[in-house]
Every structure is written in C-alpha cells, then in structure tokens.
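Residues per chain are reported as follows:
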Amino acid sequence: ICYPIEINKFEKKIYSFQNLLKLSFKNLYLNNENMLININNQKSVYLTELEVSILKIFFTNKKVSKDALKVKALKIKPDIESKTLEAHVYRLRKKIAKISNKIIIMNLDKKHLILKSLTQ
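First things first, this report covers the structure right here in the doc.

So, how was this worked out
- Residues numbered from 1 in each chain as written.
- Predicted model: local features only at pLDDT ≥ 70, side-chain atom pairs only at ≥ 80, totals over all residues.
- Heavy atoms only, no water.
- Helix = DSSP H or I, 4+ residues; strand = E, 2+ residues; numbered from the N terminus.
- Polar contact = N/O pair within 3.5 Å; in protein donor to acceptor, adjacent residues only side chain to side chain.
- Contact = heavy atoms within 4.5 Å.
- Pairing = 2+ DSSP bridges.
- Phe/Tyr/Trp six-rings, centres within 6.5 Å; stacked < 30°, edge-to-face > 60°.
- Buried < 20%, exposed > 50% of the residue type's maximum accessible area, 1.4 Å probe, protein only.
- Axes fitted to C-alpha atoms, helices over the stretch in contact; angles between N-to-C directions.
- Parallel < 35°, antiparallel > 145°, perpendicular 65-115°, else oblique.
- Salt bridge = Lys/Arg side-chain N within 4 Å of Asp/Glu carboxyl O.

### Some thoughts on the side chain of Asn38
In step 1: With respect to the helices, strands and loops of the structure, Asn38 is situated in strand S3 (residues 35–38).
In step 2: For Asn38, the side chain forms a polar contact with the main-chain nitrogen of Asn40, separated by 2.9 Å.
In step 3: From its side chain, Asn38 meets the backbone oxygen of Ile99 in a polar contact 2.6 Å long.
In step 4: Among residues more than four places away in sequence, those in contact with Asn38 are Asn27, Leu28, Lys43, Ile99 and Ser100.

If you want it as structure tokens, here you go:
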C-alpha cells in the first residue's frame, strides 16, 4: 500500500486481504461476517466471536487439545476448571448440525476434540 491513500481505497485493500484468508472445511465456509455457510445447500448460521475463534482453530488443525482451545480461544489458563469450553463447543455443535449433518465435532479422548467429516 502506497501512502497517502484515500480511506475508501484503504478499506477495499483490507477487505481484499481478508478474503484471501477465508477458512473452510469440506463444504463449510466461514465468511467475514461470522456466518458459517454450507456451500452445498446454502444454509447458514450466525456464530458468536468465541464460536468463530474455536472454529478457526478447528479449521486449521482438525485435532485440537481442550487446553489449547482454552488458551487460544477463551484466553484462560488450561489448569482452570470451567465448563465454559464445553458450553461453547455444545452450542457450536448444535449450530453446525443445523446446516450440515455430515460434519461433527467429537471427543477423541478426555483431552482432545476433532472436527470430522462423516463422508470421505
């Protein structure tokens, strides 16, 4: 970006850069307005900022430790006992189920979650 620049041109540059950072998993796509969209059936659901943070971590890693989610998304120490993560993951599971019955978040073991496609 060359300076000085008009504000509207600057905004366009920022939006074009953000569009390069689109995240997706299989047929689910997360847009810049916190909408999770199923590309196949065009259904969509609004996500909160915390749900978006959690989902972005899943989209980039697939298998995630609960401690990592606490630190990266919730900004709390991993040794703090709280049901906050479970509550957010529960709501995220329900929202994903509204638009796709083929993508799930499941417990891999007591310490890990995985984003999984039921179709290969």
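Text resumes after the structure shown.
### Comments concerning the pairing of strand S6 (residues 103–107)
In step 1: In the sheet, S6 pairs with strand S7 (residues 112–117) via five bridges, with the strands oriented antiparallel. Within S7, the residue paired with Ile103 across the bridge is Ser117.
In step 2: Hairpin geometry of S6 and S7 is characterised by an intervening segment of four residues between the two adjacent antiparallel strands.

### Overview of the packing of aromatic side chains
In step 1: Following the criterion strictly, the structure yields one aromatic pair and no others.
In step 2: Taken together, a centroid distance of 6.5 Å and an interplanar angle of 25 degrees make the contact between Phe25 and Phe59 stacked. On the criterion of sequence distance, the pair formed by Phe25 in strand S1 (residues 23–25) and Phe59 in helix H2 (residues 49–61) is long-range, its members being 34 residues apart. Note on accessibility: Phe25 and Phe59 belong to one class, buried.

### Description of the sheet that holds strand S4 (residues 44–46)
In step 1: Pairing in this open sheet of four strands is antiparallel, and the strands run S1-S2-S3-S4 from one edge to the other. The two strands at the open ends of the sheet, each matched to only one other strand, are S1 and S4. Here the strands of the sheet are splayed against their neighbours by 20 degrees on average, with no regard to which way each runs.
In step 2: Sheet topology note: the strand S2 (residues 28–30)/S3 ladder contains three bridges and is antiparallel. What sits directly across from Tyr29, in S3, is Ile37.

### Overview of the packing of helix H3 (residues 66–74) against helix H4 (residues 84–99)
In step 1: Where H3 meets H4, the axes come as close as 10 Å, and the angle between the chain directions of the two elements is 85 degrees. For the element pair H3 / H4, the angle class is roughly perpendicular. Residues Lys66, Leu69, Lys70 and Leu74 of H3 form the contact with H4, whose participating residues are Thr84, Leu85, Glu86 and His88.

### Examining the pattern of salt bridges
In step 1: By the definition in use, this model includes one salt bridge.
In step 2: Two residues, Lys95 and Glu51, come together in a salt bridge whose shortest N-O distance is 2.8 Å. With Lys95 in helix H4 and Glu51 in helix H2, this pair connects stretches of sequence that are 44 residues apart. Side by side, Lys95 and Glu51 carry an identical accessibility label, which is buried.

### Observations concerning the sheet that holds S7
In step 1: Here we have three strands laid out as an open sheet, ordered S5-S7-S6, and antiparallel in their pairing. Each end of this open sheet is capped by a strand with a single partner; those strands are strand S5 (63–65) and S6. Neighbour-to-neighbour, the strand axes of the sheet open up by a mean angle of 20 degrees, direction not taken into account.
In step 2: Bridging between S5 and S7 involves three bridges; their strand directions are antiparallel. Bridge pairing in S7 places Lys63 opposite Ile114.
In step 3: Across the face of the sheet, H3 comes into contact with S5, S6 and S7 while running at roughly 75 degrees to S5.

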